[in-house]
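# Fold and contact review
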Amino acid sequence: MVYRGSHPVDEYNNPNFFPGMFPTLFPYGLGGFDDKQRDVPLSFQLQARYSLNLSDRGFRYHHNYMFVVWNILQCRIAHLHTTFTCRKSNFHTVARSITQLSPETLNRLASRLEMEHKISDLCADEKNALNLLKHVNTIAARVPGSEASKFLIRTEIRSYFGYFGLPHLFFTFNPSVAHSPIFQVMYGDLNVDLSQRFPKLVSARERAIRLAHDPVAAANFFEFSVTCCFQYLLGWDYGRRQSTACGGLFGRLRAFYGTSE
């Protein structure tokens, strides 16, 4: 299961990739990602989410597992949802130029730009590849954290303004994870009594260690807090995707838009 060699292991359609990388998490060498022998197909994202929410918290407590999973997931989203756009008048010229480019030319150009070489030192093929950047835009609206995804969020917010009007309220919601008794219960501390107004908690140092030890529980706590805020304080019905009949603190909500930093 532990591979050795000078060539990297393929991460696509390779069910042995994760069992070979994390033998302590997959002791029998089974249960890898992208297994075509499954009776029911399972996407990479759903299986990753399932592994992090198992009752056995070995996956979420591993020091590297979730970072590797997120890195591979981010790369796959970038590969599948990154597109090029250009003007209609330049489409045929740009398309022909792209098909004539070779990976070697792009690698040489990237290396020269990284070393801050002069443009006059580039060969003809490298100059043609550089000129394409003036006519081609990269769109990656579905890649989380990218500039294009942030631009998409701003565009959607402006669309809300045009349809619903200007918002009446803007607020930042930042629940404190380290000081919350609810998070301590989600972490697994059964000694916390939520029926008390001020439950007795462990020391601040221990709470900080728990937060760093289980970021999945912290993410679940944040989602739980946001849902409770809109459901019980602002009167939003998530099932019907509209305000409840009684509304909330500020009456009945017509719409809201939220995003995380």
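Look up: the structure comes first, before these words.
Residues numbered from 1 in each chain as written. Predicted model: local features only at pLDDT ≥ 70, side-chain atom pairs only at ≥ 80, totals over all residues. Heavy atoms only, no water.

## A short note on the overall build of the chain
Counted only if it meets this: Counting from the N terminus, the helices are DSSP H or I runs at least four residues long and the strands are E runs at least two residues long. Burial here depends on accessible area, computed with a 1.4 Å probe over protein chains only, as a share of the maximum for the residue type. Under 20% is buried, over 50% is exposed, and the range in between is partly exposed. For this analysis, residues touch if any pair of their heavy atoms sits within 4.5 Å. Computed by Shrake-Rupley with a 1.4 Å probe, the accessible areas treat only the displayed protein chains as cover when residues are assessed. Counting rule for charge: Lys and Arg are taken as positive, Asp and Glu as negative, and neither His nor the chain ends is counted. By convention, the charge on Lys lies at NZ, on Arg at CZ, on Asp at CG and on Glu at CD.
Secondary structure assignment for the chain yields 11 helices and four strands. Referenced to the eigenvectors of the C-alpha coordinate spread, the extents of the chain come out at roughly 75 × 55 × 40 Å. Relative to its full complement of 261 residues, the chain shows a buried share of 24%. Across the chain, every contact between residues at least 6 apart in sequence was considered, and the portion connecting residues at least 24 apart equals 49%. If you sum the accessible surface of the chain, you get close to 19,400 Å²; carbon and sulfur atoms cover 57% of it. Each charge class in the chain can be summarised by its mean position, and for the 28 positive and 21 negative side chains these summaries are 8 Å apart.

## Looking at the nonpolar core
Rules: By nonpolar core is meant a set of buried Ala, Val, Leu, Ile, Met, Phe, Trp, Tyr and Cys residues that side-chain atoms within 4.5 Å join together.
By size, the foremost hydrophobic cluster in this structure holds 18 residues, and its most contacted members are Phe18, Phe44 and Tyr65. Counting residues per element, the ones that place at least two in this core are α1 (17-21), α2 (44-52) and α4 (65-81). Broken down by element, the residue count for this core peaks at six residues, all from α4. Once you skip the residues sitting within four places of it in the chain, Tyr65 turns out to touch Phe18, Phe22, Leu25, Phe33, Ser51, Leu52 and Phe59. With five residues, the next largest nonpolar core counts Val177, Ala217, Ala218 and Phe221 among its residues.

## Re unusual backbone geometry
At Asn13, a residue that is not glycine, the phi angle is positive and equals roughly 50 degrees. Here the phi dihedral of Asp34 falls at roughly 60 degrees; this positive angle occurs in a residue that is not glycine.

## Here's the deal with the environment of Lys134
Position of Lys134 among the secondary structure elements: in the loop between α7 (124-132) and β2 (137-139). By relative accessible area, Lys134 is classed as exposed at 68%. Lys134 sits 58 residues away from Val192 along the chain, and the two C-alpha atoms are 60 Å apart.

## A closer look at the state of the cysteines
This is how it is decided: Disulfides are defined as cysteine sulfur pairs within 2.5 Å.
Counted under the stated rule, the structure contains zero disulfides. Between Cys228, a cysteine without a disulfide, and Cys229, which holds the nearest cysteine sulfur, the sulfur-to-sulfur distance is 8.9 Å. For Cys228, a relative accessible area of 21% corresponds to the partly exposed category.

## Some details on the side chain of Asp214
Defined as follows: Polar contact criterion, stated in full: a pair of N or O atoms within 3.5 Å, where within protein one must be able to donate a hydrogen and the other to accept it, and residues adjacent in sequence count only if both atoms are side-chain atoms.
Looking at the secondary structure, you find Asp214 in the loop between α10 (204-213) and α11 (215-233). With a relative accessible area of 0%, Asp214 lands in the buried category. Of the polar contacts made by the side chain of Asp214, one reaches the side chain of Arg57; its length is 3.1 Å. Contact partners of Asp214, with chain neighbours within four places excluded, come to Arg57, Arg60, Tyr61, Phe183 and Tyr187.

## Digging into α7
Our working rule: In this description, one arc is meant: the one made by directions from the helix axis to the C-beta atoms.
Within the span of α7, buried status applies to Glu126, Ala129, Leu130 and Leu132. What you see down the axis of α7 is that its buried residues fit within an arc of 150 degrees, all on one side. Considering only its buried residues, α7 is in contact with α5 (91-100) and α6 (103-114).

## Concerning the pattern of salt bridges
Basically, it comes down to this: A pair is scored as a salt bridge if a Lys or Arg side-chain nitrogen falls within 4 Å of a carboxyl oxygen belonging to Asp or Glu.
Across all of its chains, the model carries seven salt bridges by this definition. Notably, a salt bridge pairs Asp34 with Arg76, separated by 2.7 Å at the nearest N-O pair. With a gap of 42 residues between them, Asp34 in the loop between α1 and α2 and Arg76 in helix α4 connect regions that are remote in the sequence. With a shortest N-O distance of 3.0 Å, Arg210 and Asp189 are connected by a salt bridge.

## Quick notes on a nonpolar patch on the surface
Defined as follows: Here the term patch refers to residues with relative accessible area over 30% and no salt bridge, with like charges joined within 9 Å and nonpolar side chains (Val, Leu, Ile, Met, Phe, Trp, Tyr) within 5 Å.
Among the surface-exposed residues, Leu169, Phe171, Phe173, Phe222, Leu233, Leu249 and Phe250 lie close enough to one another that they form a single nonpolar patch of about 700 Å² accessible area. Topologically, Phe222 is positioned in helix α11.

## Remarks on α2
Restricting attention to buried positions, one finds in α2 the residues Phe44, Gln47, Ala48, Ser51 and Leu52. An end-on view of α2 places all buried positions within 135 degrees of arc, on one side of the element. Buried residues along α2 sit against α1, α3 (58-61), α4 and α11.

## As for the packing of α6 against α7
The relative placement of two packed helices is expressed as an angle between their axes plus a distance between the axes. For the record, the criterion: Here an axis means a line fitted to C-alpha atoms, over the contact stretch when the element is a helix, while the angle between two N-to-C directions is reported on a 0 to 180 degree scale. Working rule for angles: under 35 degrees goes down as roughly parallel, over 145 as roughly antiparallel, 65 to 115 as roughly perpendicular, anything else as oblique. In this classification, the charged set is Asp, Glu, Lys and Arg, the nonpolar set is Ala, Val, Leu, Ile, Met, Phe, Trp, Tyr, Cys and Pro, and all remaining amino acids, among them Gly, are polar.
Put simply, α6 and α7 touch, their axes get as near as 9 Å, and they point 80 degrees apart. When the interaxial angle is binned, α6 and α7 end up roughly perpendicular. Where α6 abuts α7, its residues Thr105, Leu106, Arg108, Leu109, Arg112 and Leu113 lie against Asp125, Glu126, Ala129 and Leu130. Taken together, the residues of the contact of α6 with α7 break down into five nonpolar, one polar and four charged.

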